[in-house]
Amino acid sequence: ALKMFNEVDAIGAVIATYLSFSATQHEEETVQLSWHDITCPLNSEKDRKRADGVGKKTNGDLFPVTIDIVRILLDESTRDGQDTSPENQGPSDGRECYFMLQIHDVTPVRKQLASLERNIARQSAAQDAILRASGQVVVVVDSSGVIQRVSDGIAEIFGYEQDIQVKNIHLSVLLQRKADQFIAKEMSGQIIEVENQHGVMIDLQVGSSIIVPYEEKTKILTAIVIKDITKTYYAPSQCQEQHLQSKSSVQLLQRRNDDITLGILDASFDSLFVMTEQCIIEMVNATSCEMFGWTEEEFVGQNIRMIMTSNVATKHDEYVSRYLTTGINKMMGTQREVVAQRKDGSTFPCVLGLSKCRKSGMICGFIRDLSAVMASKAVIMEKNNQLIKKEAELKSKDTKTKEIMSNLIRNQSVVTGILDASFHSLFVIDENCIIQMVNRKSCEDFGWTKDEFVGQNISMIMTVDIAANHDSYMKNYLSTRVKKMIGTQRQVTARRKDGSTFPCTLGLSETPNGEFYCGFIRDLTQQKKSESEMLEKNKELIRNESLVRGILDASSHALFVIDERCTIKMVNDRSCEVFGWTKEEFLGNNINMIMPAHIAMHHDQYMKNFLKTGIKKMIGTQREVTACRKDGTTFPCMLDLSEAKGSGLICGFIRDRTNQKVAEMALAKKNKSLQEKQDIMAGILDASFHALFVINEKCIIQMVNEKSCVVFGWRKDEFIGKNINMIMPSDIAVHHDQYMKQYLETGVKRMIGTQREVTAQRKDGTTFPCVLGLSETQQSGMICGFIRDLTEEKAHEAKIIEKQLAAEKLSCDLEANQGIIMGILDAAFHALFVIDEKCIIHMVNKRSCDVFGWTKEEFIGKNIKMIMPAHVAVNHDQYMKHYLDTGIKKMIGTQREVTACRKDGTTFPCVLGLSETPQSGMICGFIRDLTKDKAAQAAMMTKNRELQMHQNLIMSILDASFHALFVINEQCIIQMVNAKSVDVFGWTKEEFIGQNIKMIMPPAIADSHDSYVKHYLDTGIKKMIGTLREVTAYRKDGSTFPCRLGLAETKESGLICGFIHDLTEEKAAEAEILAKKRLAEKIIDAAFDSLFVISERGIIEMVNRASTTVFGWSQEEFIGQNISMIMPTVHAENHDDYLKRYLKTGFKKMMGKEREVEARRKDGSTFSCILGMSEVDNGGTKQFVGFIRDVTLQKSLLLAQAEREASDSLLFNILPEHIARRLKQDPSHIADLYNNTTILFADIVGFTDRTSVMSPHDVVMMLNDIFSRFDYLVDVYDLNKVKTIGDCYMVTSIPTDELENDGCSRVCRFALDMFKAVRAFNNTGPRHGQINFRIGIATGQVVAGVVGTKRFLFDMWGDAVNVAARMEQSGLAGQIQVTKEVVESAGPDFNFERRGTLTIKGKGPMEVFILKSAQEPSGRHSELDRRKSNSSRALRAFSMLDNYHDS
C-alpha cells in the first residue's frame, strides 16, 4: 500500500490510527514509538529510513509490517495559488514537504522465510554430512575476516580440541596468511601449507565463494572450503571443472523454475495440498491457510483428514489403504463436490480435484470453496422468478397492445418506429401542467409507475424551490406567449420518488395546436462525474509534475535523460551517488562519460545509426552492461532505455547489479536439495482447473499445463518458446508486446493482480471469450496467467439479452395522439428521418439539423445517402431496391451500429433503428450516438452474465444437497425437485413435475392434504410452514420411511419450498443407543462391585443390585439419602464438608484414585473395602460415581497366600528347587544316585590359630561376610550350596545324570571368582588381618538325599566327595587343586598347570593339577548379568520376607 501525505501532523494522526511501530518486541509488551521518533532523523532531502513495526487491523489483530520513509521537498515555484504564510509552512524552509511511505505487510514473507529456514536447516544437515564424507570443511567469514560459522571436522584438521574454538577467531590466524586473498573473492582451489596446533605441517586445498545473506543484502560473507590433502594431493581436472559449471547452471535454472512455480501457487485461486501416499501433508499454499484457519506449520506433518468432517475422516485411511492395495482410481484425476471442515469446526462445501505425481508418488489436491456460490443462490433464484413473472405479465399485455395498435395503425405508423427507438424520459403535459403521458424510461429514471404519473402535476419531479413557482411560470407563458424554455435545452435538477436529485438536460416543445407540451429529460449524472474528475486531474497536473521529480530523486536507480546528440539533459540524485559526479558536472556533457573507453569511442556512431535507420537495438529493452565511475572503477549494471515520443529524448535507468550478481551466486548454492519439487509442481499444475501460462518479460512462453493444451489445441512443445500473442486475436496480438514494454517502463499494473474478460484464439483459428487472471512472481519476474473459458456463459448471456430486448419492445406505450407526437419529434434528443421507397427524405426533426448541420429545407427531397460515408452511399439505393424486390428485411426492425457523415464531412459512430409503416410504406429511422452508452451496455451485459452464472450455480448446489427438495404452488402442484429427491423417492424428475405433492405421502395423509392447504390459504394460519416436524413419507415402490419435513414460503411468488431429511439411519441409531443403554443398565446390575451415583450435595441418585446385597438396604431406601449413611460415624459427620471443599477448590484427593476405607452396613457392622471415585459432567451438572469392592475375604486369602509363599521360599532356600518340590509332593525319604557331579571344598588357611585370639562375635561376623559373598556367587553360577562346617564351605553342581553338562565348568569359574571375593574382602581392611583359602575340586559319582525330619539338609556322600575333601586338604594356600577328571570335564576354556603325583589318603598316588585362569566365552556377560539380577531379586525377597515376619 503506497500512502502519501504532505502534513507531518496529519500523517502522525493517520499512522497512529492504523499502525503501531515497535523498537523492540517482547512477549509481555510492545514498546511504542511516536511519529516524532520515526521522522526526526529525516533532516535533509536525501534522507530515507526503514522501520520495522506492527500493524493493527480494525478487528484488533496485529501483523508485522516494514515501512520505507522518504522525504521529498517541492520547489517553491510549484506551489501556485497556495498559502505560503509562515504559519502554514512545513519544517522545510518554506518549501512544501512530502513524506512518501511504502507500507509492506510482511506476514507472507515471514511464513516463507520460516519455511525456507526449515528447508535450509535440512539442507545444511545434509551438506554437513556430505562434507564430512568428502573430507571437506567450510568456514564462513565476514568482510573483516572474522569467522562466523564452521562446519563439523574443522578441529580435527587444525588440531583444536573442539570445533567451537575456531569460531570468532580471524581467518589470517587460522590459515597463517593474509585474509584479503580469500575474502570477497571467487577461487576454484589453491594449495597452501600451514602448521597445525600440534606443530605438524599439513597441505590444504582452499577455495572461496561469495555469499549474500537474504536478510541483509549489504552484508557480504565469504565461504572458505578447506580440504586436507596432505596424504592425497591432487588438482581438479578440466572434466571435473566443466561438470561443476554445468551443475551450477542446472541448479540456477532449477531455482528459477522453483520461483516460477511458487509464484503460480500463490496466484492460484484455489487451495492446494501436497501429501504422501500415507496422506501426510508435505506442503500447502497461502490460500489453504486462509481457507481453513491453520498455519503452514500446523498443516505440515499432519494427516489430511484434519480438514475432513468426522464421518468421512474415520473411514479415510480405509479408502487410502484400499487404493494402495488395489490401484483402482475412484477420486484420482476427477473432480468431486465434498464437504470440508475448518480449524474452528465449521464446515463448507467445496470441489476437490486430485492428481498423482508420476515420479515422486506425491498426491496433489486442489480445493475450491463454494460457500459464496451457495450464499448467492437464493438471491439469484428470486430474481429469476421475478423475470419469469415479468415475462408472463408482458405476454398478457401483448394482446391489449395489439388491439390498441390496430386502432391507431392508420394514422400513427410513423409514430410506431419513433417510440420503438426512444432512449430518454418523455413527459406530455397540458396547459394546467397535468401529466397526460409518460414513457417507460420515465418510470425507470424517476421511480414512479405510469399510473402514479398520469393525472399528477409535473412539479412532482422538480425540487421544492422550483416546484412552488412552476404553475405561475406556465400562466405567465399562456398570457404573454414569450418562450423562455420552449424550443431550447437547459440543464436543470430533477427529483426522484425516493427524494434523491440528479442533474439533467431538459428539452421542451409545444404541439402545433397548442394544447400540449412535450419534454425530453436526459440524465447527466455520469457526464457530471466525468467532468468533475477531469477538472480534478487538471488541477493536480502541475503539482504531480514536481512530485514526480521528487520521487525520481528518491528512486533507488540512477536516471539519465539525453537528447539526439547524446548530451545529458537530466539526472537524479541517485546518479550522483552511484557515479560520483555532481549534477552540474553531468548536465551538458556526453553520456559516454559513464562508459568504459572501448564502448565510449563508438557510442555516438550507434546513435547516428539509430537516427538514420530507426532500428531499435537497445531502446525498449533491458541489457546488462558495464558502467564507469568518476574514480575510474567499473561495475556491472542493468540498462533500461525508452524513447519519449514527440520530444526526441531518450530516458535510461541504470541499476547497479554488483550485489545482485553476488546474490545470484549465493542463491544457486542454496538450491541443491530442491530437485524433488519439480515433479511435485508439475503434478500440481496439471491438476489445475484452468489453463495456465508462464511468460517472461519478452512475452515468451516458459511453461504451460495440460489444461492449456486441451483448451487451445497446441502441444506443450508447440507452446514453449513462442510469443504469448499466438493465443490472441490478430487485432490484439499486434499491440501486446507494446503493452508489456509500457508496463516494464512504467511499472503501472493494469492487468496484473486483476481478472478481466478478454477474447482468446485457438489453434484452428476459432476465438472464444474467457476470463484472464494475471500475477507476477516477485523473485523471477515471470508473469503467471490463469485462463477460464466463458463460451457457455456467453451463449446463455445472449439469450437473456434477447429476452430483455423483447420485454422493452413490448412495454412501449402507444396511447399518444398525432398532435402530441409532433411535439415529441421536436423535443427528441436523437435525429429522426422519414424516407419513402425511393430513399427520398420526407421529414426530419430539429435534432437532425443540429446533429448533421443541414437545415430542414436542405434535407427535404434529398436522398438519405447524403448522411452516409461515400463507401456506403454508393450502394445504398441498390440495398433498397433489393428489399423492395425480395421483401427480405435485413435492417428494418433492427438496431445496428453504423457510421454517419455530417455536412462538414466529419463522421461519428451511432446506432440506427429502422421501422416500416405497413400502410404508407414510409421508413422511419432514429440515429443515436453510442459514445456514452457503450459503458452502460457493457455493465448490463456483465450483470446479466453474472445472473445466469449464479442461477446455474444454484441449480448445481441444490442438486448437491444432502436433503430432498420440493417446490410446489398454491394448488400443491410440484414445480421443481432436486437430484436428492429422485434418489430418495425413486421417481424421475419428469415423473415429479406437474404432479400433486401428495404422491409422496401415505394414503391416510394424502386424502386430506389438499384441504389443509386450502385452509391455510383461506385463514393464513401457519401450522407447518416455518417449522420442522417428523412425518412419514412414501416411496415409488410403496415402502414408507420416517423423515423430518421443513417448510418455507416465498413471499413474492407464493411458492412453498420443502426440505425432506431421511431419518431412517438416525432412527436406527437411536434404537441402537437405547438398546445399548438398557444393556449398560443390565451390566451395571450384574456387576459384582457396589455402584453409587451421587449429586453435588452427596444425595444418592442411583445404586445397583450389588449395593443392596453388600449393605443390606433396598434400592428404595438408598435413593434420596445422603451417601454418608454407608460410612462410619467418624467419617460421615465430615463428608459433606469434604465435598463442598472439593467443589470450591477443585483439589482432588480421592477423585480418580482407589483407596482402602471402612464402610458400614445397615446392621451397623463395618468392613474393609476398596473405594474408587470418578467425576462425570452431565450437561453442566456434576455427578460422582463410586465403586465399592468388599476386600474382607480377599485380605484373608492374601494373608494365607503370603504365609504359604514365605514357607515355600524358606524351603527353596534350604534345598535345591527340584528336591524341595519333590519333598512337598512326597514327604517320604529322598535318596538318589548321580553319575556326573562336581564337588568343591574351600577352607580358610590357619583358621584355628586366627580365631583363638578373636571374640566369638568377630568370628561369626567374619564368616558371615565372606560366606555371604560366596552365596551371592552360588546364585550367579546356579550351583548347589550343600553346607558350611566351621570354616569349610561345600558347593556342588546341580546333581544330574547327564554326562554332558556345564556343571564342572561353572564350578571352576565359581572357584576363580571365590578368590576375587576374598581379595575384595581383604581390600576392606579387616580388623584381624587378611585371610586366604585352599580350594579342592573333584568330579564323579555321588549319592544325595534328605536326612531327618527337622532342619532338612540335602547332603551328599561317595568317593568323589572324599576326593574333593582330600584335594582341599593337600592343596596349597591361595591355589585351586583339581583332579585329572576335572581337567577333562572343564573344557578348553580353562588353563591348568600340572602339579605332579601326590599320595592321597584312601586313594593312593593321584595326578593333580592347579587351576590358573579361564577364558571369557561369548555370551557370558549377558548370562552373568541375568543371573546377578535374579540373585539380587532373591536377596531382596528374603529381606522383605524377614521384615514381614518381624512385623
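Residues numbered from 1 in each chain as written. Predicted model: local features only at pLDDT ≥ 70, side-chain atom pairs only at ≥ 80, totals over all residues. Heavy atoms only, no water.

*Asks:* Run through the overall build of the protein, naming residues and quoting values.
*Replies:* Per the secondary structure count, the protein includes 45 helices and 54 strands. When burial is assessed residue by residue, the protein has 40% of its 1447 residues classed as buried. Residue pairs at least 24 apart in sequence account for 51% of intrachain contacts in the protein once pairs closer than 6 positions are excluded. Entry remark: accessible area of the protein is about 81400 Å², with carbon and sulfur atoms responsible for 53%. (Helix = DSSP H or I, 4+ residues; strand = E, 2+ residues; numbered from the N terminus. Buried < 20%, exposed > 50% of the residue type's maximum accessible area, 1.4 Å probe, protein only. Contact = heavy atoms within 4.5 Å. Areas by Shrake-Rupley, 256 points an atom, 1.4 Å probe, with all protein chains shown as cover.)

*Asks:* Which residues make up helix α9 (residues 310–326), and what values go with them?
*Replies:* With 17 residues, α9 extends 25 Å between its outermost C-alpha atoms, agreeing within 8% with the 24 Å of an ideal straight helix rising 1.5 Å per residue. Remark: the principal bend of α9, roughly 40°, maps to His 316. Buried residues along α9 sit in contact with β15 (347–356). Gly 327 sits one or two positions beyond α9 and adopts a positive phi of about 75°. (Expected span 1.5 Å × (residues − 1). Bend = angle between axes of the 7 residues up to and from the residue.)

*Asks:* Go over the packing of helix α41 (residues 1256–1277) against helix α42 (residues 1303–1323), please, and point to the residues and values.
*Replies:* A pair of packed helices is captured by two measures, namely the crossing angle of their axes and the spacing between those axes. Interhelical geometry of α41 versus α42 gives an angle of 145° and a closest axis separation of 10 Å. Handedness of the crossing formed by α41 with α42: right-handed. Here α41 contributes Met 1262, Asp 1265, Ile 1266, Arg 1269, Phe 1270, Leu 1273, Val 1274 and Tyr 1277 to the contact with α42, which in turn contributes Arg 1306, Arg 1309, Phe 1310, Asp 1313, Met 1314, Ala 1317, Val 1318, Ala 1320 and Phe 1321. Taken together, the residues of the contact of α41 with α42 sort by class into 12 nonpolar, no polar and 5 charged. (Axes fitted to C-alpha atoms, helices over the stretch in contact; angles between N-to-C directions. Left-handed = near helix turned anticlockwise from the far one by under 90°. Nonpolar A, V, L, I, M, F, W, Y, C, P; charged D, E, K, R; others polar.)

*Asks:* Give me the sheet that holds β15: which residues, what numbers.
*Replies:* Across the sheet, 5 strands lie side by side as β13-β12-β16-β15-β14; this open sheet has antiparallel pairing. The open sheet terminates on both sides in strands that have one partner only, identified here as β13 (281–284) and β14 (335–341). The sheet shows a mean angle of 30° between the axes of neighbouring strands, direction not considered. With 5 bridges joining them, strand β12 (residues 271–275) and strand β16 (residues 363–369) adopt antiparallel strand pairing. Note that in β16 the partner of Met 275 across the bridge is Ile 363. (Pairing = 2+ DSSP bridges.)

*Asks:* Tell me about α42, and please be specific about residues and values.
*Replies:* Compared with the 30 Å implied by 1.5 Å per residue over 21 residues, the 30 Å span of α42 between its first and last C-alpha is a close match. Of all 21 residues in α42, 17 are buried, a share of seventy percent or more.

*Asks:* How would you sum up the packing of aromatic side chains? Please name residues and give values.
*Replies:* With the rule as written, the count across this model stands at 42 aromatic pairs. Here the aromatic rings of Phe 560 and Phe 586 are separated by 5.2 Å at their centres, their planes lie at 75°, and the arrangement is edge-to-face. Here Phe 560 is found in strand β22 (residues 558–562), whereas its partner Phe 586 is found in helix α17 (residues 583–586), with 26 residues between them in sequence. Look at Phe 579 and Phe 586: their rings are 6.4 Å apart centre to centre, the planes differ by 90°, and that puts the pair in the edge-to-face class. Here Phe 579 falls in the buried class, since its relative accessible area comes to 1%. Among the aromatic residues, those joined into a cluster by ring pairs are Phe 273, Phe 292, Trp 294, Phe 299 and Phe 348. (Phe/Tyr/Trp six-rings, centres within 6.5 Å; stacked < 30°, edge-to-face > 60°.)

*Asks:* I'd love a proper account of the nonpolar core, names of residues and values included.
*Replies:* In this structure, Leu 1240, Phe 1270, Phe 1310, Phe 1333, Ile 1335, Ile 1337 and Ile 1376 are the most contacted members of the largest nonpolar core, which totals 40 residues. Secondary-structure elements contributing two or more residues to this core are β47 (1230–1244), α41, β49 (1288–1292), α42, β50 (1333–1347), β52 (1376–1379), α44 (1380–1386) and β54 (1404–1414). In terms of residues, this core owes the most to one element, α42, which gives 11 residues. With near-sequence residues (within four places) excluded, Phe 1270 lies in contact with Tyr 1289, Phe 1310, Met 1314, Ala 1317, Val 1318 and Phe 1333. (Core = buried A, V, L, I, M, F, W, Y, C linked by side-chain atoms within 4.5 Å.)

*Asks:* Explain the pairing of strand β40 (residues 1040–1049) residue by residue, including any values.
*Replies:* Pairing analysis gives 7 bridges linking strand β39 (residues 1028–1034) to β40, with the strands arranged antiparallel. Paired with Thr 1032 across the two strands is Pro 1042, which belongs to β40. Counted between consecutive antiparallel strands, the loop separating β39 from β40 contains 5 residues, among which Gly 1038 sits at a positive phi close to 95°. Alignment of β40 against strand β41 (residues 1056–1062), held across 7 bridges, turns out to be antiparallel. Counterpart to Ala 1048 in the pairing with β41 is Cys 1057.

Purely spatial values, then, with no claim about function.
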